Amino acid sequence: MFHLDAQPYAYPLPGDRSLALVIIDMQRDFMEPGGFGDALGNDVSLLQAIVPRLQNLLDFFRAHHLPVIHTQECHQPDLSDCPPSKRDRGNGTLKIGDQGPMGRILVYGEPGNQIIPELAPQADEQVITKPGKGAFYNTPLQAYLQQAGITHLLFTGVTTEVCVQTTMREANDRGYTCLMVEDCTESYFPAFKQSTLEMIRAQGGIVGWTATADQVQSGLTPWLEALTVGGAHAG
Ligand code: TIU
């Protein structure tokens, strides 16, 4: 069995190509001024540093024809999938559904809801729109994973302790073998990111593993070579 270097100990890789990259909510709403993250009072520039590293990891997955899943947090234009408790939360300048500089805040199809161009999904990649923080609630994600036979998930994106951690916990409880890529996720609160990474890998990896993007790529390379030599879905 192949492993990649990770914390709190080596992450076990599957015996076939059933491992996917999950990119959570890398959309303009959270990344750019004038979006939801900004309206909540956050400094959105803090999230920029992960973009080149995540782009690099995405390129690696694409080059090796491994599955990639993107998510977008958004609501229908009539907000029928947005609980009032969510819309009313916070005391930001703009609420979900209000008109902002990038269109209506957190509404599907608006300019602000687009995934940033550096990470734009390709036609063969799964895009999951989700009304909650977790990507399993009220979405077809689990059905897709089951149909595709995916068992191992590497989590990236924003923000670490909100949508990324929620989704990873949902996946962990559903039996997926989960790892968070430390330098491909970011929070508006650096201390929260650090705490999230520590709480995931505490207690022997109670919610999963963490590793850097370099560790991920170094660990996946020999695994992919072995699978290719073995003839399993070479590609
Ligand atoms: N506000 C915040 O940190 N995050 C969110 O509202 N959504 C996601 O994390 N995607």
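Residues numbered from 1 in each chain as written. Predicted model: local features only at pLDDT ≥ 70, side-chain atom pairs only at ≥ 80, totals over all residues. Heavy atoms only, no water.

**Concerning the packing of helix H6 (residues 160-173) against helix H7 (residues 190-205)**
Where H6 contacts H7, the two axes come as close as 10 Å, and the packing angle between them is 15°. In terms of their interaxial angle, H6 and H7 are classed as roughly parallel. As H6 runs across H7, the sense of the crossing is right-handed. Contact with H6, carried on its side by Thr160, Glu161, Gln165, Met168 and Arg169, involves Phe192, Lys193, Thr196, Met199 and Ile200 of H7 and no other residues of that element. Classifying every residue of the contact of H6 with H7 gives 4 nonpolar, 3 polar and 3 charged. (Axes fitted to C-alpha atoms, helices over the stretch in contact; angles between N-to-C directions. Helix = DSSP H or I, 4+ residues; strand = E, 2+ residues; numbered from the N terminus. Parallel < 35°, antiparallel > 145°, perpendicular 65-115°, else oblique. Left-handed = near helix turned anticlockwise from the far one by under 90°. Contact = heavy atoms within 4.5 Å. Nonpolar A, V, L, I, M, F, W, Y, C, P; charged D, E, K, R; others polar.)

**Some remarks on unusual backbone geometry**
Here the amide bond leading from Gln7 into Pro8 is cis, since omega sits at 5°, within 30 degrees of zero. Along the chain, Val158 connects to Thr159 via a cis peptide bond; the corresponding omega equals -20°. With respect to the element layout, Thr159 can be found in the loop between strand S8 (152-158) and H6. Positive phi values are uncommon outside glycine, yet Gln203 reaches one of about 55°. Turning to its location among the elements, Gln203 is positioned in helix H7.

**Structural notes on the sheet that holds S8**
The pairing of strands in a sheet comes from backbone hydrogen bonds and takes either a parallel or an antiparallel form. With respect to topology, 6 strands assemble into an open sheet ordered S7-S4-S3-S8-S9-S10, the strand pairing being parallel. At either end of the open sheet lies a strand with only one pairing partner, and these are strand S7 (126-130) and strand S10 (209-211). Put simply, the sheet's adjacent strands are angled 25° from each other on average, direction ignored. Running over the sheet, helix H3 (residues 50-63) touches strand S3 (19-24), strand S4 (68-73), S8 and strand S9 (177-186) and is turned about 140° from S9. Packing against the sheet, helix H8 (residues 213-229) makes contact with S3, S8, S9 and S10, and its axis sits at approximately 135° to S9. (Pairing = 2+ DSSP bridges.)

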